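# Remarks on the overall topology
This is what each chain is made of:
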Amino acid sequence: ATITDTEHCKMFVVRLSKPIYDTLKLLALNRNRRHAYMDVLVIKEWPLLQQDAVSLDYHFHQELDLGVMDQTSAYLTNYTSALTTSIMAHYASLQVELGLLRNHHDLAIAFWYRAFLLSAQLNATTLLRKAKVQQKVLAARAAALEEEARRASSETNNTGGSNGRSKKKGKKGSPNTKRTQASAKMDPLKESKEDMEDGVELMLNNLKRSLCRGTVQFIAALDQAGLVKTPSYEFTSQRKRFSKRYEAFSTISTPPPLAYDDFEQGYSHADVSQQTLIASAMDCFKASKTVVDKLLSNVGDGDDCYLPILGAELRNLAKVCIGNSLFLHKLSRQVQSGDKVEGEVSLDFEAHRAFCIVKLA
């Protein structure tokens, strides 16, 4: 029995249909309406769905006496978590794409939070893929055992019906050979077209997370050099602005909502040398460029209608990787010279709307 065979899960799937439909409707809206629609309606639907998914996973394991439930076997929990974090990461990206965040500090917060959400999404997606492979292996083993039992029963019947005086007319293959051939035809680990498309999406999320981390570290290095400063406000504070900006996430428990103190702790690199911070950022963009090259070689193997990204956008992301790497190298040379680091910092979104090139003039 599978969890989708239970009556409670069927009711949950019916209830899940409307939120899934709402998320698909987002793709038909422009960015401004998409952001407002997510803020008012879409995000608020998922906390209760997550709670119901946890309960269903627990009762499914209890009813079938499946033992202790591990992370991989929490099927509905991982599914709803992957969808929720995907929506949250898209919401955080829209704030950048719409130009709502223009100064370096706000962008550092947005990229830092998005990197956290992408990590949570990657974790849930990886658990789903692992569970899928496990189910394929179990199904293949069950089919192999069933085929072996059927063949053994057939051979027993043939032996019992023979009088022992008939001659062998030909040499047949051994049962071991037949089982080997059957196993070869049923390879549970063989990647399907859907698996390939899921793999592309997984690599793409890894790419986005690496770009977010590299951008945050680049801005932190500029902050250490004194080229940018954290803005201060007379009638509000950074904590209040942070809380208001991500207020929509406050009701979601998985992943847990973050606070401005979490950002300060992750953004502060007081105990890290400036050269080490620059090197770390360069490694992020170098790794991102490697993933872009790999994705460009794989995108042509699938149907463009079903891939999460097209070649043109990947080439734009390659420009972001190269541009940031060049300006990081320029900053590194100034730091190594021992002189005071000087320059004017600007943020260029011409290559891609969701990721910027941090320029140092």
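Residues numbered from 1 in each chain as written. Predicted model: local features only at pLDDT ≥ 70, side-chain atom pairs only at ≥ 80, totals over all residues. Heavy atoms only, no water.

## Digging into the overall build of the protein chain
A tally of regular secondary structure across the protein chain gives eleven helices and two strands. The helix and strand sequence of the protein chain, counted from the amino end, reads α-α-α-α-α-α-α-α-α-α-α-β-β. Within the span of the protein chain, comprising 361 residues, buried residues form 40% of the whole. A fraction of 78% describes how many contacts in the protein chain between residues 6 or more apart in sequence connect residues 24 or more apart. When the accessible surface of the protein chain is summed, it comes to about 20,800 Å², and 53% of that surface belongs to carbon and sulfur atoms. (Helix = DSSP H or I, 4+ residues; strand = E, 2+ residues; numbered from the N terminus. Buried < 20%, exposed > 50% of the residue type's maximum accessible area, 1.4 Å probe, protein only. Contact = heavy atoms within 4.5 Å. Areas by Shrake-Rupley, 256 points an atom, 1.4 Å probe, with all protein chains shown as cover.)

## Some remarks on the pattern of salt bridges
Enumeration according to the criterion identifies twelve salt bridges in this entry. When the shortest N-O distance is used, the salt bridge between Glu-97 and Arg-31 registers 2.6 Å. Here the residue Glu-97 occupies a position in helix H4 (residues 75-97), and Arg-31 occupies one in helix H2 (residues 31-42), the gap between them amounting to 66 residues. A residue is classified by how much of its surface remains accessible, and Glu-97, at 14% relative accessible area, is buried. With a relative accessible area of 29%, Arg-31 lands in the partly exposed category. A salt bridge links Lys-244 to Glu-247; its shortest N-O distance comes to 3.1 Å. In this structure Glu-247 comes out as partly exposed when scored by relative accessible area, which is 44%. One network of salt bridges, with partners in common, ties together Asp-106, Arg-241 and Arg-245. (Salt bridge = Lys/Arg side-chain N within 4 Å of Asp/Glu carboxyl O.)

## Looking at the packing of aromatic side chains
Under the counting rule described, the total for this entry stands at 13 aromatic pairs. When the centroid spacing of 5.9 Å and the interplanar angle of 70° are considered together, the rings of Trp-112 and Tyr-113 count as edge-to-face. Accessibility classification places Trp-112 together with Tyr-113 in one group, the buried group. The interplanar angle of 40° and the centroid separation of 4.5 Å between the aromatic rings of Tyr-113 and Tyr-246 together place this pair among those described as tilted. One end of the pair, Tyr-113, is in helix H5 (residues 104-161); the other, Tyr-246, is in the loop between helix H8 (238-245) and helix H9 (260-267), and 133 residues separate them in sequence. Here Tyr-246 falls in the buried class, since its relative accessible area comes to 5%. Joined through ring pairs, the aromatic side chains of Tyr-91, Trp-112, Tyr-113, Phe-116, Phe-242, Tyr-246, Phe-249, Tyr-260, Phe-263 and Tyr-267 make up one cluster. (Phe/Tyr/Trp six-rings, centres within 6.5 Å; stacked < 30°, edge-to-face > 60°.)

## A word on the confidence of the model for the protein chain
The predicted coordinates ought not to be read in detail in places where the model reports low pLDDT. A residue-level look at the protein chain finds 86% of positions with pLDDT of 70 or above and a mean pLDDT of 84. Mean pLDDT across the elements of the protein chain ranges from a minimum in helix H6 (residues 175-185), with 47, to a maximum in H8, with 93. Note that residues 164-174 has pLDDT below 50 and, in this model, one contact with residues that lie over four places away or in other chains. With pLDDT under 50 throughout, residues 176-185 is counted as low confidence; its partners more than four residues away or in other chains account for four contacts. (pLDDT = per-residue confidence, 0-100.)

## Here's the deal with the environment of Tyr-58
Looking at the element boundaries, Tyr-58 is found in helix H3 (residues 46-63). Taking C-alpha positions, Tyr-58 is 8.0 Å from Ala-74, a pair spaced 16 residues apart along the chain.

## Section: the packing of helix H7 (residues 193-224) against helix H11 (residues 311-337)
The contact between H7 and H11 brings their axes to 11 Å, and the two run at 25°. One element, H7, and the other, H11, form an angle in the roughly parallel class. The handedness of the crossing between H7 and H11 is left-handed. On H11, the residues touching Leu-207, Leu-211, Phe-218, Ala-221 and Leu-222 of H7 are Leu-314, Leu-317, Val-320, Cys-321, Asn-324, Phe-327, Leu-328 and Leu-331. Class assignment for the residues of the contact of H7 with H11 results in twelve nonpolar, one polar and no charged. (Axes fitted to C-alpha atoms, helices over the stretch in contact; angles between N-to-C directions. Parallel < 35°, antiparallel > 145°, perpendicular 65-115°, else oblique. Left-handed = near helix turned anticlockwise from the far one by under 90°. Nonpolar A, V, L, I, M, F, W, Y, C, P; charged D, E, K, R; others polar.)

## Some words on the environment of His-329
Summarising the element assignment, His-329 is placed in helix H11. Residue class for His-329 comes out partly exposed when judged on its relative accessible area of 44%. For the pair His-329 and Ile-278, spaced 51 residues apart in the sequence, the C-alpha separation amounts to 8.3 Å.

## Re H7
Relative to the 46 Å expected for 32 residues at 1.5 Å per residue, H7 spans 47 Å between its end C-alpha atoms, a close match to the ideal helical length. Counted residue by residue, H7 has 24 buried out of 32 residues, so it is predominantly covered. Just downstream of H7, Gly-226 is the residue with a positive phi angle, here 80°. (Expected span 1.5 Å × (residues − 1).)

## Some details on the environment of Ile-309
By secondary structure assignment, the location of Ile-309 is in the loop between helix H10 (274-299) and H11. Those residues within four positions of Ile-309 in sequence are excluded, and the remaining contacts are Leu-204, Val-299, Leu-314 and Leu-317.

## Topic: a negative patch on the surface
Taken together, the side chains of Glu-191, Glu-194, Asp-198 and Glu-201 define an acidic patch exposed on the protein surface. Note on placement: Asp-198 falls in helix H7. Among the residues examined, Asp-198 registers a relative accessible area of 32% and is labelled partly exposed. (Patch = residues over 30% accessible without salt bridge, like charges linked within 9 Å, V, L, I, M, F, W, Y side chains within 5 Å. Lys, Arg positive; Asp, Glu negative; His and termini not counted. Charge placed at Lys NZ, Arg CZ, Asp CG, Glu CD.)

## Let's talk about unusual backbone geometry
The linkage connecting Thr-254 with the following residue, Pro-255, adopts the cis geometry, with an omega of 0°. If you trace the backbone, Pro-255 turns up in the loop between H8 and H9.

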